[in-house]
Protein chains: 2
Amino acid sequence: MMTPFDSWFQERRDAHRFVIERIPFDRLEQWGFDQQTGNLHHASGRFFTIEGLSVDVESAPVPHWEQPIIDQPDIGILGLLIKRFDGAWHALMQAKMEPGNLNMIQLSPTLQATHSNYTRVHRGRAPAYLDLFLEAARTGVVADALQSEQGSRFLHKRNRNIIVRTDREVAMLPDFRWCSFPELNRLLHRDNVVNMDTRTVLSCLPLDAEGESFRPPPAGAFAARLRASQEAPRGLHTFQQLVNWFTDQRMKNRVRVHAMPLREVRHWVRSADAIRHESGHHFSVIACRIETTSREIAAWTQPLIASASRGLFAFVAREIDGVLHLLVQAKPEAGLCHGVELAPTVMCLPDQYADAPPERRPPFLDLVRLAAPEQVRYDAGQSEEGGRFFREENRNVVVEVGADFPLDVPARFVWMTVRQLKAFIRHSHQANVQARCLLAAMGAW
Amino acid sequence: MMTPFDSWFQERRDAHRFVIERIPFDRLEQWGFDQQTGNLHHASGRFFTIEGLSVDVESAPVPHWEQPIIDQPDIGILGLLIKRFDGAWHALMQAKMEPGNLNMIQLSPTLQATHSNYTRVHRGRAPAYLDLFLEAARTGVVADALQSEQGSRFLHKRNRNIIVRTDREVAMLPDFRWCSFPELNRLLHRDNVVNMDTRTVLSCLPLDAEGESFRPPPAGAFAARLRASQEAPRGLHTFQQLVNWFTDQRMKNRVRVHAMPLREVRHWVRSADAIRHESGHHFSVIACRIETTSREIAAWTQPLIASASRGLFAFVAREIDGVLHLLVQAKPEAGLCHGVELAPTVMCLPDQYADAPPERRPPFLDLVRLAAPEQVRYDAGQSEEGGRFFREENRNVVVEVGADFPLDVPARFVWMTVRQLKAFIRHSHQANVQARCLLAAMGAW
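Residues numbered from 1 in each chain as written. Chains lettered and ligands numbered in written order. Predicted model: local features only at pLDDT ≥ 70, side-chain atom pairs only at ≥ 80, totals over all residues. Heavy atoms only, no water.

## Some remarks on the interface of chain A and chain B
Part 1: In this complex, chain A contributes 41 residues to the contact, which on the side of chain B involves 42 residues.
Part 2: Of the roughly 3900 Å² buried at the junction of chain A and chain B (both faces included), carbon and sulfur atoms supply 51%.
Part 3: Our count for the chain A to chain B interface comes out at 4 salt bridges.
Part 4: Between Asp-248 of chain B and Arg-160 of chain A there is a salt bridge, and its shortest N-O distance comes to 2.7 Å. (Contact = heavy atoms within 4.5 Å. Buried area = accessible area lost by both parts, 1.4 Å probe. Salt bridge = Lys/Arg side-chain N within 4 Å of Asp/Glu carboxyl O.)

What follows is the structure in structure tokens.
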């Protein structure tokens, strides 16, 4: 049955036309490889550059590697406008096309702006609804933090995740729609409808602000247990113990990086239409040409990153003393400002380990892959950001284990409640984008 | 009158012998300038390197500059052991010599260790009391965070600040002494007695942990008002408003840095015995030879950094609705991981502005310099870390202004209570070392 949302979403999709095709690098316009360094950059120096990175992580199974990485110095703004009406909180969502999107259109936050859009340092058209964000400063802001993006793809990239509440009348522009929080939760159970930007911003929403709750009664038994885990005053460890564990992991898994010319990066090979790892693993850099009626510019070309295979992001969950806990990993990644952030229990491309002996496989990978259906609490395919990643879908899963599962876990892992994980997220650069987005996807935002 | 502390401290000073002399670079042993880059490094590749840095801060009065900077990738540990006895909390302090120290010996935290000392990855003598820190993990830890050091001198340097409580019998080693918290507070009013490492660790101590207070009754009227400001449930702004302001400042004052060869750094000149800025401002890189009986190695040479003049670190304080607030600055610095951290109201080398017209002088500099004695709540000379900085003393001041002083301040400044500033400090990379140390020095730790 078509819901009102489905009809609207279909209509938005029909309202635009897109053609995306992969092209060889020499058909890129304005983009090219630097003669000296081999870095891939735009003629204007704007947008982003793909350069080389030399990485050392003493504690890692592979302590040194080199890779291409996206250097995108601009801090983007991901802004969500929320408003209470008809007895429920709603978020103002945009049906937005991005070149790398699966399904072409996904639900995006109210505002996606560059730093210069936001601060209006250059003239040019202001993004829709920007005024509501600017005027809300210091009064209606309920969450605001700089957060990391994919640390294996971006060098020190940061986005500002901001949520603003309003009581004002808001004009409805084409492609925009108010979605209630319960509706968003239902959409998060579908594959590739709610985009990555929305999921990361949602993960920053507090349970309440100044006494007012943002949450409807939870729908379903698992949602109720997630809510209880967010409200629980204590967990297996105190927050101070978790901070101590996390600081220790950050110190012991130090990441050192140095920029290097892309052409000198070892084990990566550039052909006419891709830069690939010689193993076929990890990801490749490709180029695309995009034609659309839904952007100011009708056609353009750009590089994109294509994953080598489908990723798996999974939380293992377990009830401890009546409260649901998540098994959180301290994971080093090349491009993170602090090297290490909190990550899902499992975060990898499983195909890369197809032939690996058990001791070389990431901890808990087999547990998640072989979980019985009755252990699976959440399971959906979710997309990464379509402005940089080409049709990348990763499986997002939550698997619950029983009381026989050991509380004692390897040093890089720790059990924490949803409330404790949310307390880390509130501050910048503590939890990685995969952990934040999975938390939102499962409904624990 | 000599206190028992004074007698002990004098005795410790007499127990050791030190000779420090400045030498030209060509008398450095094991240290030398790289042929290609001109970087100053140790033959072993260990310790630290002095290299060049290119810095861009769009929003700054000088939007681009180049400078020498210390690259010291190791994460150091600054650990303080605390214990309650005789009705008071005490900290285990060490009388420690560092080559750059004023007065040769200063009071240092219980543990100063490198990452490899701490994790014992290399063999070698374990630092004193290390076991008490390792065994305390997850039980006795009351504070633990990675914190930045001087952002204008160090590139992305981080230290782990950790405070551990113990109930055990602790053997007293030579040079160590228990100091009660009130005694430490009194010593913080003297010039150059309590070293920088101690001050930054103290700033991380929470008011209480699990219901137990670490604080004695405040001594004096200003101390009582600082305590009230730490206990105040609310300030002029909510914490969420402060987070929003801080995120905004971090976004708007973005710092971009690139490593560069030291020999190519413009406006810095290397002579036989120093690398100086051609203006004579900022700092210089020098070399010293040290002979001592108090270290494992009897004599060594090393580079040090010498400040061009005495710095001024000052908080302006004001009572707002009966609660003391501090005027905090969001300050960009080249070497900070996130570019911007919370800083004192004034933080500069005043001599550099001696001839500057009023509009070119840092905000509030003249207010602090010209403050009447009855406005000054704290005033002492405090040293920077003697392992890297040569006899560097900065004036640490708190000046209180009256109710006629405007609440409305320039965008880079904000009023906050001690409690709110402490809440930022609890997390990594929020408040800079000058703000943390000044907070400790004034007794608001």
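On we go from here.
## Details of the packing of aromatic side chains
Residues and elements named next belong to chain B.
Part 1: Summed over all chains, the structure comprises 36 aromatic pairs over all chains.
Part 2: Pairing Phe-5 with Trp-8 gives two aromatic rings, centres 5.7 Å apart and planes at 55°, and the pair type is tilted. Taken as a pair, Phe-5 and Trp-8 lie in helix α1 (residues 4–15) at a separation of 3 residues, close to a single helical turn.
Part 3: Look at Phe-5 and you get buried, because its relative accessible area is 1%.
Part 4: Taking 5.7 Å as the distance between ring centres and 70° as the angle between the ring planes, the aromatic pair formed by Phe-154 and Phe-389 counts as edge-to-face. In this pair, Phe-154 sits in the loop between β10 (141–148) and β11 (158–165) while Phe-389 sits in the loop between β24 (376–383) and β25 (393–401), placing the two residues 235 residues apart along the sequence. (Phe/Tyr/Trp six-rings, centres within 6.5 Å; stacked < 30°, edge-to-face > 60°. Helix = DSSP H or I, 4+ residues; strand = E, 2+ residues; numbered from the N terminus. Buried < 20%, exposed > 50% of the residue type's maximum accessible area, 1.4 Å probe, protein only.)

## Some details on the relation of the copies chain A and chain B
Part 1: Relative to chain B, chain A is turned by 180° and slid 0.0 Å along the rotation axis, the superposed coordinates differing by an RMSD of 0.0 Å. Such a turn and shift between the copies fits a two-fold axis. By C-alpha distance to the rotation axis, the residue of chain A lying nearest is Cys-337 of chain A, at 3.4 Å.
Part 2: Of the interface residues in chain A, 100% have counterparts in chain B that sit at the interface too, so the contact is made through matching surfaces. (Least-squares fit on C-alpha atoms with pLDDT ≥ 70 in both.)

## Regarding unusual backbone geometry
Part 1: Positive phi is not limited to glycine here, since Asn-103 of chain A has a value of about 65°.
Part 2: Position of Asn-103 of chain A relative to the elements: it lies in the loop between β7 (88–97) and β8 (105–108).
Part 3: Owing to a relative accessible area of 41%, Asn-103 of chain A belongs among the partly exposed residues under this scheme.
Part 4: Positioned with a positive phi, Asp-175 of chain B is a non-glycine residue whose angle comes to about 80°.

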